[in-house]
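Architecture at a glance
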Amino acid sequence: MVYITSWDEFVERSVQLFRADPDSTRYAMKYRHSEGKLVLKVTDNIQCLKFKTDQTQDAKKMEKLNNIFFTLMARGPDADISEVTGKEQMETQATKRGRGRKQ
Amino acid sequence: MVLLQPDPFLNELTSMFEHSTEKGSVWVTLKRSSLKSKVQRNKMKTAGEPLDYRCLIRATNGKKTISTSVGAKDHQKFQASYATILKAHMTALKKRERKDKKKAADATTNKKDGESSKKRPKKV
């Protein structure tokens, strides 16, 4: 189990992992209130990236990451994310692969 | 495994968080899925795509598992509610202690709000 220490590196590598294999990559989160710990895991069943924290500020960063993953998973791996603003761009921009619903 | 609609799922998730404050954990997993079996997928591929992918969300507290699937249209609304639930419940995490101490130590003349360590307001 690889624990990544830098948040930005974790985000970048998870997105890369997802884009490389969107069908088998999953993002898991475990929260333990009794211990005050949050662990994030992104894996494609071959590689695994983990991130562990007990900081509130990381929970906020995780929310952004949740948004990224929701967008990627619901709209397709080619979705333009660029954090939160990317979603608004997505409304007007059509996905090239023609997967699923076109807005 | 209970498959729910997004709104009941959020309600159940909230109660899971509430019940696991003393002990236990809450796991939430996100995965992309078309919710169709391999046979169906192959059939659709040969017929001419368009495969409809959804985001599958699963949550468990170790004993009970609930799940829901969210499509491209409803994912933004779901994500906003989901973020609110997480923010409301992840209260056991620590705030940045070091930053506060540092601020208190050398910022005696420059009185800043000690709690806003996340925002880091710039005052001159």
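Residues numbered from 1 in each chain as written. Chains lettered and ligands numbered in written order. Predicted model: local features only at pLDDT ≥ 70, side-chain atom pairs only at ≥ 80, totals over all residues. Heavy atoms only, no water.

Some remarks on the overall build of chain A
Counting its regular elements, chain A contains three helices and four strands. Listed by position from the N terminus, the elements making up chain A come as β-α-β-β-β-α-α. The buried share of chain A, taken over its 103 residues, is 53%. Contacts spanning at least 24 positions in sequence make up 45% of the contacts within chain A whose residues lie at least 6 apart. Entry remark: accessible area of chain A is about 5,100 Å², with carbon and sulfur atoms responsible for 45%. (Helix = DSSP H or I, 4+ residues; strand = E, 2+ residues; numbered from the N terminus. Buried < 20%, exposed > 50% of the residue type's maximum accessible area, 1.4 Å probe, protein only. Contact = heavy atoms within 4.5 Å. Areas by Shrake-Rupley, 256 points an atom, 1.4 Å probe, with all protein chains shown as cover.)

Let's talk about the interface of chain A and chain B
Accessible area lost during the coming together of the parts is what is often quoted as the interface size. Counting from both sides, the interface comprises 44 residues of chain A and, opposite them, 43 residues of chain B. Summing both sides of the interface, chain A and chain B together bury roughly 4,000 Å²; the carbon and sulfur share of this comes to 54%. Remark: the boundary between chain A and chain B carries three salt bridges. With a closest N to O distance of 2.8 Å, Lys94 of chain B and Asp54 of chain A form a salt bridge. In this structure, the connection of chain A to chain B is made through 15 residue pairs in polar contact (both at pLDDT 80 or more). Counting residues per element, the side of chain A that touches chain B draws most heavily on helix α2 (residues 56-75) of chain A, which supplies 15 residues. Split by residue class, the side of chain A that touches chain B holds 15 nonpolar, 16 polar and 13 charged. Inspection of the sheet shows strand β2 (residues 26-32) of chain A paired to strand β2 (residues 26-33) of chain B by six bridges, in the antiparallel sense. (Buried area = accessible area lost by both parts, 1.4 Å probe. Salt bridge = Lys/Arg side-chain N within 4 Å of Asp/Glu carboxyl O. Polar contact = N/O pair within 3.5 Å; in protein donor to acceptor, adjacent residues only side chain to side chain. Nonpolar A, V, L, I, M, F, W, Y, C, P; charged D, E, K, R; others polar. Pairing = 2+ DSSP bridges.)

Things to note about the confidence of the model for chain B
All names here are of chain B. Looking at chain B as a whole, the pLDDT averages 80, with 74% of positions reaching at least 70. Predicted confidence in chain B is weakest over helix α4 (residues 97-106), with a mean pLDDT of 58, and strongest over strand β4 (residues 65-70), with 93. Low pLDDT, under 50, characterises residues 111-117; the stretch is placed with 11 contacts to residues that sit more than four places away or in other chains. On the interface metric, ipTM, the complex scores 0.76, and its pTM is 0.74. (pLDDT = per-residue confidence, 0-100.)

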